[in-house]
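Take a look at the letters that make up each chain.
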Amino acid sequence: MSDSVGARLTRFAARSLFVLAAGVMAGGFLGWRAGLLVAALVALSHPLLAVLGPRLRAPYGRGRLLRALHRNGYHVIPDGHSRHLAVGPGGVYLLETRVWQHAVSWNGDDWMVGNRPAAHVVERLGSHAARLEHLLHLAEDWPGISVVPVVMVAGRLPEPVMRAGRTIIARPRSAVGHVLAQPTVLDPREVDGVAERIDHLVR
């Protein structure tokens, strides 16, 4: 069994148990009809979130920063509920905003993002960025352009923008400022072309 199939089966089993538990608890308190209704609503919430999640507006603070990119010539395209692709004059950036409320810290041996090693967060986002580059054929059609992973975090950093390989780690405002400060590598026509291709890929 492949890892992807195993992961899907595990998620399905966990969700099924959650639905069953919610239904049993509601049934115990309110009767079997209420239990069935609660179970059905919980089961329906998963596909609804999968379909609608990427189209939901970002929370205000995050949305405000993403709108700053848009005002400066960037297309901001949702890639799942917590990631956005920003395409503009300074290139292509994969913004991981899910962990932006998790503080970066040094535990004596390694950097941490929340309770996870920063290396794990960086590796996961970097792998996703590499997959996107391949699917978008950036190297073939826009030589020199790559998808730059950006991890937005909270807490104090030793410097405004940290780097782990080609991945950028920064507080949200500093991350957006860094992106906007990059030299122009794509003209408006190229920006539109890359954005259109990304839009078709992620939607």
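Described below are features of the structure shown in this document.

Definitions and cut-offs
Residues numbered from 1 in each chain as written. Predicted model: local features only at pLDDT ≥ 70, side-chain atom pairs only at ≥ 80, totals over all residues. Heavy atoms only, no water. Salt bridge = Lys/Arg side-chain N within 4 Å of Asp/Glu carboxyl O. Helix = DSSP H or I, 4+ residues; strand = E, 2+ residues; numbered from the N terminus. Buried < 20%, exposed > 50% of the residue type's maximum accessible area, 1.4 Å probe, protein only. 1 Å grid on protein atoms, 1.4 Å probe; cavity = no way out; pocket = protein on both sides within 12 Å on 5 of 7 lines; lining within 4 Å. Points joined across faces, edges and corners; volume = space filled by probe spheres on them. Nonpolar A, V, L, I, M, F, W, Y, C, P; charged D, E, K, R; others polar. Pairing = 2+ DSSP bridges. Axes fitted to C-alpha atoms, helices over the stretch in contact; angles between N-to-C directions.

Considerations on the pattern of salt bridges
Evaluated as defined, the whole model comprises three salt bridges. The salt bridge partner of Glu-133 is Arg-166, with a shortest N-O separation of 2.6 Å. With Glu-133 in helix α4 (residues 118-136) and Arg-166 in the loop between β8 (161-164) and β9 (167-170), this residue pair connects regions lying 33 residues apart in the sequence. Put simply, Asp-141 and Arg-197 hold a salt bridge, and the shortest N to O gap is 2.5 Å. With a gap of 56 residues between them, Asp-141 in helix α5 (residues 138-141) and Arg-197 in helix α7 (residues 188-202) connect regions that are remote in the sequence. Judged by its relative accessible area of 41%, Asp-141 falls in the partly exposed class.

What to know about empty space enclosed by the protein
Under the definition given, this model contains two cavities of 30 Å³ or more. Counted as a void, the largest cavity has a volume near 70 Å³. Every residue along the wall of the largest cavity is listed here: Arg-83, Glu-96, Arg-98, Val-99, Arg-116, Val-121, Arg-124 and Leu-125. The element contributing the most residues to the lining of the largest cavity is α4, with three residues. Of the residues contributing to the lining of the largest cavity, the split by class is three nonpolar, no polar and five charged.

Overview of the sheet that holds strand β1 (residues 75-78)
Taken together, the six strands give an open sheet; going across it, the order is β1-β2-β3-β7-β9-β8, and neighbouring strands pair in mixed fashion. One side of each edge strand has no neighbouring strand; the edge strands of this open sheet are β1 and β8. For this sheet the average axis-to-axis angle between neighbouring strands, irrespective of direction, equals 25°. Where strand β2 (residues 83-88) and strand β3 (residues 91-96) come together, six bridges link them in antiparallel fashion.

Notes on the sheet that holds strand β4 (residues 104-106)
Across the sheet, three strands lie side by side as β4-β5-β6; this open sheet has antiparallel pairing. In this open sheet, the two edge strands, each paired with only one partner strand, are β4 and β6 (116-117). In the sheet, strand β5 (residues 111-113) pairs with β6 via two bridges, with the strands oriented antiparallel. Of the residues in β6, the one forming a bridge with Met-112 is Pro-117.

Quick notes on the layout of surface pockets
In this model, the largest pocket occupies a volume close to 400 Å³. Considering the residues around the largest pocket, the lining is formed by 13 residues, among which Asp-79, Gly-80, Arg-83, Arg-124 and His-128 are closest to the centre. Breaking the lining of the largest pocket down by element, the ones donating at least two residues are α4 and α7. It is α4 that contributes the most residues to the lining of the largest pocket, four residues altogether.

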